[in-house]
Amino acid sequence: MGGAGQGHPQLHPAGPDRDRPHAAGGLGHAVGIAADHAADHLRGAVRRRPAGARARGPLRAVAHHRIVALPLCGDPAGDADRGHRAADLHLGGRHPHRAADLRLDRRLLPDPVEHDARPEQRGPQPGGPVPPVSRQSLAGAALPPPADGDALLPRGAPHLGRPGADRRDRRRIRGGHGRARLGPRLSHPGSRLPAQDSPDVRLPRAHLRHRYRHLPGAQPHLASRAPPLARKRDEGTEVVKTALASAGSRFWLLDARVPTALLAHAEGPQEADGLSRVDIRIEEGRIAAIVPAGHGGEDGIDLRGGQVWPGFVDAHTHLDKGHIWPRSRNADGTFAGAINAVMADRTKAWSPEDVAARADFSLRCAYAHGTVAIRTHLDTYMPHGAGTWRVFRKLREDWAGRIDLQMSSICPLDRFKGDDGVALADMVADSGGVLGMVTRHSGGIHDDLPEGFQEELDHFFSLAEARNLDLDLHVDESGESGARALREIALTALKRGFKGRIQAGHCCSLSIQPEDFAKETIARVAEAGIDIVVLPMCNMYLQDRVPNRTPRWRGVTLVHEMRAAGIRVSVASDNTRDPFYAYGDLDMAEVFREATRILHLDHPFGDWHGAAAAAPAEAMQVERQHGRIRVGATADLVLFSARFMTELLSRPQSDRIVLRAGKVLEATVPDWRELDAVVGL
Ligand SMILES: [Zn+2]
């Protein structure tokens, strides 16, 4: 559209077309309006309609830089009676000087293009400059770069794609008709037809017969051809996003499914897979009410049963190591290979700038995915660990209000001996951190407990007790049955009457230890009130890896037995694109999906949803702000189009909508290329 550099975009007056009085119900010739006025037009530029006609909700708009584009043409797209009108032909005649302004790369739109215009109309629009696209503003749409020759064409109001939806009664009313239907309908009035599609996916001229209602014979064939054309993002997501953009600060989210485990108080009808059906009121960025579905206000945003989760909480990550993979690969993918690669990289390359750039990148990933709180472990080898902590104290400050960042030390247990141990514990205390270690010695792996283990463990506890520090431990991360630190930690905590919180991660070897021993260990862990965090992606990646041999073991700990014993269990990301795990994006939706598959958290799901938000929030002691959807809390929510767990866990949920304080978060995940210079690519 005639945006940047071509003067201010204009709004063509909405309303009846003088030349075609029968088009009184037209959308008006709105094209581009300044963002400042977008809200008015989103509400106000609705089609004029004869008195008594049904209201049809706002037009769908597409944000483009500071401009919002509205549908163009007077004829509702998909109207088989009047046929379609191409923007240039229709408006070009009346506004010849505007014709160039009306061009817009149609890939900017979620589902923009009529499929069935006359051949001369559906081809590429006349050539002309396409303005640069601000992809940030495109609300999460993953779009290819714009190309000449594509065009914005007419399309209908969003809900017209749902035959029979009647908005007067808010939702779940079936049987009404938004407008007269004429024979067959395509799945959406504005199905998308990318210019590069081969001619055979376009409807042949013969199918244009469907315009003529006296040719019903053409209908079945046409209908059968429609589905392949429906190549588009989930329409509902875009509708919800647009509605949220114009909803103001007080609105209802209507007909949501929320995992009951993620509600502070059970509310609404309970459904399979542990889901509750509720309406959620948001006022001034906070959750003002949660009521059973159907009891919310009349005006609201209809989620059509889509799931709503609270912001995710990721209780175990390694942001200081993240994304070093391109310069420090794990040669054989093993645990020992990971330790060696990270040690070399740390010595060689971990300047404050290097660590800060990678960690900030990671935080932006997590933020865009909907995470609100993260705990990261930081490799801390005194006296050289202080620099990393300085970087993260700054990051914690910089990210305050977006992500609550907690830091925990990590180093082998023997590093707490002597003055270094005291200095380390002091620095952690001064930084408001958590005291952490791994239950092995420097240079060792998780195997039989090292000599002097109990004495060192007591010393470690005493350092924490003297400073009122909580603990976060990497425990028994191996498939060696001799790795039995978990029980010793529980017994030590009980023996000492340790008052702080303890989170233990991994505990892999527990699952290959004798049944009775494991059972007894779990009982002591429960008694000591230790929280468990399981890292299923990293465990499955590292454990039981032997070159040229197929893994036999999933590497994860006994989470079901732990839950049965009353232990709080979280799932978390662990490493991200470093030698301990070559993949990952700090996306807790992925973590929960993989955890479900690896750990069989399903059938029944029970309250396992809590492992991605409620449980880690409690373990991190941020449960007052995060972890559950509760009245009074900030409206930090993740909205999915998926209604059921089988839908939620079948796709990556890239089109999720993240709400922060009730507003749509426009943040997108950063481009990996940003790190090329940092990691030496
Ligand atoms: Zn870890």
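Since we're looking at a predicted model, the values are computed, not measured. Here the residue numbers are simple positions, counted from 1 along each chain's written sequence. Under the rules for a predicted model, residues below a pLDDT of 70 receive no local features and side-chain atom pairs below 80 are neither given nor counted, while totals for whole chains, interfaces and linings still include all residues. In computing side-chain properties, one takes all heavy atoms of the structure into account and sets aside hydrogens as well as water.

## Observations regarding the overall build of the protein chain
In DSSP terms, a helix is any run of H or I states spanning at least four residues, a strand is any run of E spanning at least two, and both are numbered starting from the N terminus. Scanning the protein chain for helices and strands turns up 17 helices and 20 strands. Contacts: residue pairs with any heavy atoms within 4.5 Å of one another. Within the protein chain, counting contacts between residues at least 6 apart in sequence, those at least 24 apart form 78% of the total. In this description, accessible areas are obtained by the Shrake-Rupley approach with a 1.4 Å probe, and a residue is regarded as covered only by the protein chains that are shown. In the structure as shown, the protein chain presents an accessible area of about 27,200 Å², 51% of it carried by carbon and sulfur atoms.

## Observations concerning the coordination of the zinc ion
Sodium, potassium and calcium take a 3.2 Å donor cutoff, other metals 2.8 Å, and in both cases only N, O and S atoms count; water is not among them, so sites may look incomplete. Only His-316 (NE2), His-318 (NE2), His-474 (NE2) and Asp-574 (OD) from the protein coordinate the zinc ion, and they sit 2.0 to 2.4 Å from it. A site with four donors is called tetrahedral when every donor-metal-donor angle falls between 85 and 135 degrees; four donors are called square planar, and six octahedral, when opposite donors sit more than 155 degrees apart and all other angles fall between 65 and 115; any other arrangement is irregular. Of note is the zinc ion, whose 4 donor atoms meet at the metal with angles of 86 to 177° in an arrangement that counts as irregular. Positions of the donor residues of the zinc ion, expressed as sequence spacing, correspond to H-x1-H-x155-H-x99-D. Taken together, the residues His-316 in strand 10 (residues 312-317) and Asp-574 in the loop between strand 17 (569-571) and helix 15 (588-599) connect sequence positions 258 residues apart. Given the relative accessible area of 0%, His-316 is considered buried. Classification of Asp-574 by relative accessible area gives buried; the value is 1%. Only protein chains enter the accessibility calculation, which uses a 1.4 Å probe; a residue whose area is less than 20% of its type maximum is buried, one above 50% is exposed, and one in between is partly exposed.

## Structural notes on the sheet that holds strand 20 (residues 663-664)
Strand order in this open sheet of 4 strands is 9-18-19-20, and the pairing throughout is antiparallel. Strands with a single pairing partner mark the edges of an open sheet, and in this sheet they are strand 9 (308-310) and strand 20. We call two strands paired when DSSP finds no fewer than two bridges between them. Summarising the sheet, strand 18 (residues 637-639) and strand 19 (residues 657-660) pair through 3 bridges and their orientation is antiparallel. Bridge pairing in strand 19 places Leu-637 opposite Leu-659.

## Looking at the sheet that holds strand 12 (residues 404-410)
Spatial strand order, 10-11-12: 3 strands in an open sheet with parallel pairing. With one partner strand each, in any of the chains shown, strand 10 and strand 12 form the two edges of the open sheet. Averaged over all pairs of adjacent strands, the angle between their axes in this sheet comes to 15°, without regard to strand direction. Only C-alpha atoms enter the line fits that serve as axes; for helices the fit covers just the stretch in contact. Angles between N-to-C directions range over 0 to 180 degrees.

## Looking at the packing of helix 10 (residues 453-466) against helix 11 (residues 485-496)
Here helix 10 crosses helix 11 at 50°, and the two axes come no closer than 11 Å. As the angle between them shows, helix 10 and helix 11 are arranged oblique. Once helix 10 is placed against helix 11, the crossing between them reads as right-handed. Contacts between helix 10 and helix 11 involve Phe-453, Gln-454, Leu-457, Asp-458, Phe-461, Ser-462 and Glu-465 from the first element and Ala-485, Glu-488, Ile-489, Thr-492, Ala-493, Lys-495 and Arg-496 from the second. Any residue outside Ala, Val, Leu, Ile, Met, Phe, Trp, Tyr, Cys, Pro, Asp, Glu, Lys and Arg is labelled polar, Gly included; the first ten of those are nonpolar and the last four are charged. Residues of the contact of helix 10 with helix 11, tallied by class, amount to 6 nonpolar, 3 polar and 5 charged. Reported orientations rely on four angle classes, namely roughly parallel under 35 degrees, roughly antiparallel over 145, roughly perpendicular from 65 to 115, and oblique for the rest. For any helix crossing, the convention is left-handed if the near helix is rotated counterclockwise from the far helix by under a right angle, and right-handed if that rotation is clockwise.

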